[in-house]
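Summary of the model geometry
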Amino acid sequence: MRILASYNIKGGVGKTATAVNLAYLAANAGMRTLVWDLDPQGAASFYFRIKPKVKGGASKMLQGKRELNDLVKGTDFENLDLVPTDFFYRNMDLALGEAKKPVQRLLKLLRPLSNEYDWIILDCPPSISLVSENIFRAADALVVPLIPTTLSVRTLQQLTDFLVGHGFYYIPVMPFFSMVDRRKRMHREIMEGLPVSGLSALNTFIPYASDVERMGIYRAPVGEFAPRSPVARAYESLWEELRGRF
Amino acid sequence: MSRWDVRCSAASLSIRHPGNGIAHPMTTYKIFAPLNLEGVEARLREGFRFQAERARKVERRFFDSFDWRLYGAGMVMEEERVGRSRRLALRELESGHPICATQPGELPRFAWDLDMQDPMRAELAHVLDMRALLPVVKVVSHTRGLRMLDDEDKTVLRFALEQSVASSTDGKREASQGDWLCLMPVRGYDVPFEKVSRFIETELGLPRVAEDRMVRAVQALGQVPGGYSSKLSYSLDPRQRADAAMKGVHLGLLETLEANVPGTIADLDSEFLHDLRVAVRRTRSALSQVKGVLDPETVEYFNQGFAWVQQITGATRDIDVYLLAFDHYKESLPEAVREDLEPLRSFLRHHHGMEQKRLARGLRSARFRGLMREWRSFLEEGVPLEPTGPNAATAIVEVADQRIWKMYRRVRKEGRAIGPDSESEALHELRKSCKKLRYLIEFFRSLFSDEQTAQLIKALKQLLDNLGAYQDYQVQAETLERFAEQMVAERKTSTRTLLAMGMLVGDLLKRQDQARKEFWHRFARFDEPTNRQLYRQLLAHEAHGRHAP
C-alpha cells in the first residue's frame, strides 16, 4: 500500500481534482484504490456522488471507537472506494489534540486497510495544522499542485520549511504545476524559474481547462466524460510519472 | 506437515476478513422456469428504480496449475475479456473477495512472467512455485447489466442478468449453464442490497448459488475441480486378496503417470516430468518390494520396461533440477562473480532443449505406448483363480504388515551400522531403503490409523530430507564438474565461469558436509523409543510374531 497526499497550504489550487483524477486512473489500471476526503468542504465526495454524513461517526472513529473500514463507500467505478467527508472534520484539530499520540492517529486508522488497497489517496484540507501533521506522518509522498503564481510558489517554500523544521524532512515532496495557462507570461516565467533543488518535482503539468470545472456538472472524473481532452491526457501522464517514482 | 500443507495454511493466513463496511462479494441466483431473464427483469423493475447498461458479451477463462494449486489454496484465477479489454483477477474461492487484479500485456504462464512490482506476482509465486498456469475452463456469458440508483444518481447496487455456456479449453465439449441473476453490492450500501436480495428470495423464490463460477463451469462439463493430485490416496479393503489390491495400487500410479505424459511431451513445466518419474519410481518400488504377489515373470518384464522409462527421462530431469535451483545457486556466490555463472545457464538451457526433444521422442514411441497399453491391460484383467505367487491370495493387510515391518527393520539396521568413518555409499543405501519404506507406508496408509501413519511419515521424512540433501549435494557437485568438462569441450566457457562453478562446487561440498554432521541427530530422532513403539503398535502382528527390536 502506498499513501499519497494531495496537499497544499493554499486552497483552490486543484488538490481535489488531482486526488479524484489520479485515483480514477489508478483504479482503472486495476489498482485497488481508496480516496479519503479529509476536507470538510467535501468536494471529492460530491464528485463521486456520495453524500457526506452530518453525523457520520468520524468523531467516534478518531476516538478509536470505530474503524475507518466501516465508513468506506464504493464509488461508481470498479476498484475505487471513498471515505466521504464528515462535517465533524471542521473540528478535527481539536479532536486530535485530545487524542493520545495525536500525530499518529491517521496512520493508525489507515493501517488496517493496508492489505486491501494498493493506493490510498488523501484529499487534504488547506492550511497547516495538527491534521496536516498527521497527514505528513502517514503519507509516503506529498503531491503538491502549484499554480504558477508568486504566492503559490511562496507557500511551497513555507511547506518545505515546516517539514524540515518538524522532522518530516524524509517525505518526498512532489510539486507539479496545475491550472497552467501557457498564454500568461507570468505562468511561463515562474515555471522556468522554479527552484526545485531538494524536491522531487514532477515534470508533467496540468493545463487550465474548463473540463476540470465541468467535473462538478458531470460529477465524475474527467477521464469519464472527456477521455480524449488534453487535460484528461495530462492527468494520465501525471499518473504515469508518479507511478514511475515508486 | 507436508510442503503442500504448509502452503495451504500460509495462504489461508493471508485471507482478508471483511469488516462491516466491506460489500458482500457477488451473490448469484439461479433462474428457473417459469421465470426467465425477461420475467425477472420485469419483476425487479416493478419494485425498484434502475438504469440499464448495454448488453455485453463477457468471455472468462479460468486458470490453475495442473495439480490445482490455486484451488487447493482457496483461490480462483480468472481472465475476463469484454470487447478489447482484458483483465486478470485473483480472488478467494469461498468468499469471492478479490485478492488482486492486473492487466498484463500477455497472459503469464509462470508467476515470474509478471512484472516485479505486480502484487499478483508474489501471490502467485507463493502458491504456484514453479508450476505453469494452464487454462481450466472457459465460460462465455451474454450479460445485461442493471444499476440501481439513489436520489443523487449514485449507483448503490449492480445486477447482471446472465446466460452462460461453459466449454472445455480445447473447445471439444460444451454445456449450457442456464440463466443467472448476479447481484454485485457496492461497498457501504448494505441496505439496498439486503432489500433487493430479500425481494429476490421471498418474492421471486430464486435460490442462491454458493459455488464459484469456475466450480460451476467445471462441474457442468462433468469434471471435478481439484481432480488431479500427485499424492497417493487409496482406500484398500484389508481383507482383499493381495494381488487384486496391488493391481489397484498400480492402476492408481498408472493414472498419474499417464495424466502427466502430454504435459511432459509439451514441456509445459518441469513438474509434469517430475510427477511422471515419481509415479514410475513408485511403480518399480511396488513391483519389487511387494514380493510374491504377482507373477514373477510378469513383474520382471514390466520392471525392465519401467527401468527404461526412468532411463530415458533422467537426463532432462537432471537439468531441470539445475535450472530450478539456478537463481539460488547464483545468490549463494559473492556478488562480484554472480554474473560469471550465466554461461552455465545458457549451456543448461541448450542441453535441456536437446534432452527434452529426445525425451518427447521416447514418450511418443511405439515402445512406450506399447508398454502403457500392456501394463494397463494386465492390471485391468481380473486376478487368476489360481494364485501366481505365494502371497497372492493372502489378505493385503498381512502382506502390508510384513513388508513394512521388514523394510523398517532394514532401515534401522542400516542406519545403526553407520559410523563416522562409513563411506557415503552406506548413506545412499540407507536413503534407498528409507524411500522404499516411505512408499510402502504410503501405499498401505488406508489400512492403518491415519494419525499413526502421519506421525511415521513425518519422522521418516525428516530423515529422508537429510539423506536426500546429503546425496543431492554430492551428485550436484559431481554433475557440475562434468558440465564444466563438457563446456570446455564445447568451447562454451571462460575461465571466469569455470572459477565461479568451482566456487559453487566448493559450496555444495561444504553443505554436504553439514548434512552429514546433521545425520546422526536426525537418525537418532527416527530411532528414538517413541517412534519405535509406534512401529511396533502399528505392526503388532509382525512385531510380536518375530523378534522385537
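Structure first, text after, so check above.
Below or above, wherever it landed, is the structure these notes cover. (Residues numbered from 1 in each chain as written. Chains lettered and ligands numbered in written order. Predicted model: local features only at pLDDT ≥ 70, side-chain atom pairs only at ≥ 80, totals over all residues.)

**Points about the overall build of chain A**
Along chain A, the regular secondary structure elements total 11 helices and seven strands. The C-alpha radius of gyration computed for chain A amounts to 17 Å, which stays within 12% of the reference 18 Å derived for 246 residues, consistent with globular compactness. Its C-alpha atoms give chain A principal-axis dimensions of about 50 × 40 × 30 Å. Counting across all 246 residues of chain A, residues that qualify as buried make up 47%. For chain A, the proportion of contacts with a sequence separation of at least 24, taken over those separated by at least 6, is 78%. (Helix = DSSP H or I, 4+ residues; strand = E, 2+ residues; numbered from the N terminus. Rg over C-alpha atoms; globule rule 2.2 N^0.38 Å. Buried ≥ 20, exposed ≤ 12 C-beta atoms within 10 Å, placed from the backbone. Contact = placed C-beta atoms within 7 Å.)

**Here's the deal with the pairing of strand β6 (residues 141-146) of chain A**
All names here are of chain A. The element β6 is largely enclosed, with a buried count of five among its six residues. Taken together, the three bridges between strand β1 (residues 2-6) and β6 define a ladder with parallel strand orientation. Bridge assignment links Ser6 to a residue of β6, and that residue is Val143. With five bridges joining them, β6 and strand β7 (residues 173-177) adopt parallel strand pairing. (Pairing = 2+ DSSP bridges.)

**A short note on the packing of helix α7 (residues 242-259) of chain B against helix α9 (residues 270-289) of chain B**
Helices that pack against each other are described as a pair by the angle of their axes relative to one another and the distance between those axes. Residue and element names in this part refer to chain B. At a minimum axis separation of 8 Å, α7 and α9 run at an interaxial angle of 160°. Taken together, α7 and α9 sit at an angle that is classed as roughly antiparallel. The chirality of how α7 crosses α9 is left-handed. Counting all contacts with α7, which are made through Met246, Val249, His250, Leu253, Thr256 and Leu257, the residues of α9 involved are Asp275, Leu276, Ala279, Val280, Arg282, Thr283 and Ala286. A class-by-class count of the residues in the contact of α7 with α9 yields eight nonpolar, three polar and two charged. (Axes fitted to C-alpha atoms, helices over the stretch in contact; angles between N-to-C directions. Parallel < 35°, antiparallel > 145°, perpendicular 65-115°, else oblique. Left-handed = near helix turned anticlockwise from the far one by under 90°. Nonpolar A, V, L, I, M, F, W, Y, C, P; charged D, E, K, R; others polar.)

**What to know about the nonpolar core**
Proteins that are soluble and globular tend to have nonpolar side chains buried together. Within the largest apolar cluster, 77 residues are counted, with the highest numbers of intra-cluster contacts made by A:Ala5, A:Ala23, A:Ile120, A:Leu122, A:Ile135 and A:Tyr235. Here this core takes nine residues from helix α1 (residues 15-28) of chain A, the largest share from any one element. If we ignore the near neighbours within four places in the chain, the residues touching A:Ala23 are A:Thr33, A:Val35, A:Leu80 and A:Ile121. B:Leu430, B:Leu447, B:Leu456 and B:Phe519 belong to the second largest nonpolar core, which has 57 residues in total. (Core = buried A, V, L, I, M, F, W, Y, C linked by C-beta atoms within 7 Å.)

In short, geometric facts, not functional conclusions.
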